[in-house]
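Next come the chains, spelled out residue by residue.
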Amino acid sequence: MRISIITIFPEYFDSSLALGITGRAIERGLVEVQPIDLRTWGKGVHRQVDDSPFGGGPGMVLMPEPLANALDTVEEAHRVLLTPGGAPLGQAHLDRWAGMDHVALVCGRYEGVDERIAEHMIDEQVSLGDYVIAGGEAAALVIVEGVVRLIPEVVGNAESIERESFREGTIEEPHYTRPAVFRGWEVPEVLRSGDHGRIEEWRRSQREERTAARRPDLDPG
Ligand code: SAM
């Protein structure tokens, strides 16, 4: 699988693409993640990629031409624009994209991208949530981490992916590790009982209780 990221800050991704699960997956050749510098197609000596908005108003807009040229290089990819105005990003997006050969993520900056690009050269628009951050790069990283860990063989124990939050319309049960008592706080007795039937039942009820209390909007089906 390949993930391309169109950005004015390709160096933004340097450390995160070298670390952890994502770094190892790239090293093992299970995925290729390629930041593409939008300024390659910038205008003039300053490689300008933005201009003032038609109709006036504050801020700058990413010009269509550099973006179109960058997107032409990833024509066969499923092209995703990161924008607060997109559909809220969910696990279902990540599941779907993890099955694709090539996904291209377009990071906005300033006031965002010229709308003609969004309209004619983008397949899907997604948002991290109902808040505004400075650029699409942080959102692209979220997607890279979320997708890469779903690629077969990337995560050692496939069960950990099958059992986690949002798979069955619930959030996950709590986890504990040693010591059994820390600062007087005890690990629930059932988890130390060795009774796998009781443990499974406790975990199921924790998932249901937590979901009802914290995320009643989720649908356990
Ligand atoms: N003027 C835009 C608006 O009000 O919707 C906000 C632009 S924001 C300062 C600059 C860029 O950051 C956006 O083009 C987008 O790529 C990215 N961005 C900001 N918030 C985001 C979010 N919640 N989800 C995804 N991308 C976001």
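Everything discussed here concerns the structure shown above.
Everything quoted here is computed from the prediction, not taken from an experiment. (Residues numbered from 1 in each chain as written. Predicted model: local features only at pLDDT ≥ 70, side-chain atom pairs only at ≥ 80, totals over all residues. Heavy atoms only, no water.)

Draft legend 1. The arrangement of the layout of surface pockets in detail. Empty space within the largest pocket amounts to approximately 420 Å³. Of all the elements in the fold, those that place two or more residues in the lining of the largest pocket are β5 (78-88), α4 (115-121), β7 (124-127) and α5 (137-148). Top element by residues in the lining of the largest pocket is β5. It accounts for 4 residues. Here the residues of the lining of the largest pocket are counted per class, giving 14 nonpolar, 8 polar and 3 charged. (1 Å grid on protein atoms, 1.4 Å probe; cavity = no way out; pocket = protein on both sides within 12 Å on 5 of 7 lines; lining within 4 Å. Points joined across faces, edges and corners; volume = space filled by probe spheres on them. Helix = DSSP H or I, 4+ residues; strand = E, 2+ residues; numbered from the N terminus. Nonpolar A, V, L, I, M, F, W, Y, C, P; charged D, E, K, R; others polar.)

Draft legend 2. Examining the environment of Gly-108 more closely. You can see Gly-108 is positioned in the loop between β6 (102-107) and α4. Assessed through its relative accessible area of 11%, Gly-108 is described here as buried. Spatially, the C-alpha atoms of Gly-108 and Arg-163 are 34 Å apart, while their sequence positions differ by 55 residues. (Buried < 20%, exposed > 50% of the residue type's maximum accessible area, 1.4 Å probe, protein only.)

Draft legend 3. Structural context of the sheet that holds strand β1 (residues 2-7). Reading across from one edge, β2-β1-β6-β5-β7 is the order of the 5 strands in this open sheet, with parallel pairing throughout. Only two strands of the sheet have a single neighbouring strand rather than two, namely β2 (32-37) and β7. For this sheet, the mean inter-axis angle between neighbouring strands, taken without regard to orientation, is 30 degrees. Alignment of β1 against β6, held across 5 bridges, turns out to be parallel. Considered in β6, the bridge of Ile-3 is made with Val-103. Running at roughly 175 degrees to β1, α5 makes contact with β1, β2, β5, β6 and β7 of the sheet. (Pairing = 2+ DSSP bridges. Axes fitted to C-alpha atoms, helices over the stretch in contact; angles between N-to-C directions. Contact = heavy atoms within 4.5 Å.)

Draft legend 4. Fine view of the nonpolar core. Ranked by size, the top nonpolar core spans 29 residues in total, and within it Ile-3, Ile-5, Leu-82, Trp-97, Leu-105, Ile-143 and Val-144 carry the most contacts. Broken down by secondary-structure element, the contributors of at least two residues to this core are β1, β5, α3 (91-98), β6 and α5. Top element by residues in this core is α5. It accounts for 7 residues. Residue contacts for Ile-5: discarding those within four places in its chain leaves Phe-13, Val-33, Gln-34, Pro-35, Ile-36, Leu-105, Cys-107, Ala-140 and Val-144. Counting 20 residues, the second largest nonpolar core, distinct from the first, contains Ile-36, Ala-68, Ala-70 and Leu-81. (Core = buried A, V, L, I, M, F, W, Y, C linked by side-chain atoms within 4.5 Å.)

Draft legend 5. Spatial organisation of the pattern of salt bridges. Scanning the model with the defined rule gives 17 salt bridges in all. Here Glu-173 makes a salt bridge to Arg-207, at a shortest N to O gap of 2.9 Å. Pair noted here: Glu-173 is in the loop between α6 (158-162) and β8 (181-182) and Arg-207 is in helix α7 (residues 196-214), with a separation of 34 residues, a long-range link. Pair check on accessibility: Glu-173 and Arg-207 agree, each one buried. Here Glu-189 and Arg-198 are joined by a salt bridge, their closest N and O atoms 3.0 Å apart. Put simply, Arg-163, Glu-173, Glu-200, Arg-203 and Arg-207 are held in one network by salt bridges that share partners. (Salt bridge = Lys/Arg side-chain N within 4 Å of Asp/Glu carboxyl O.)

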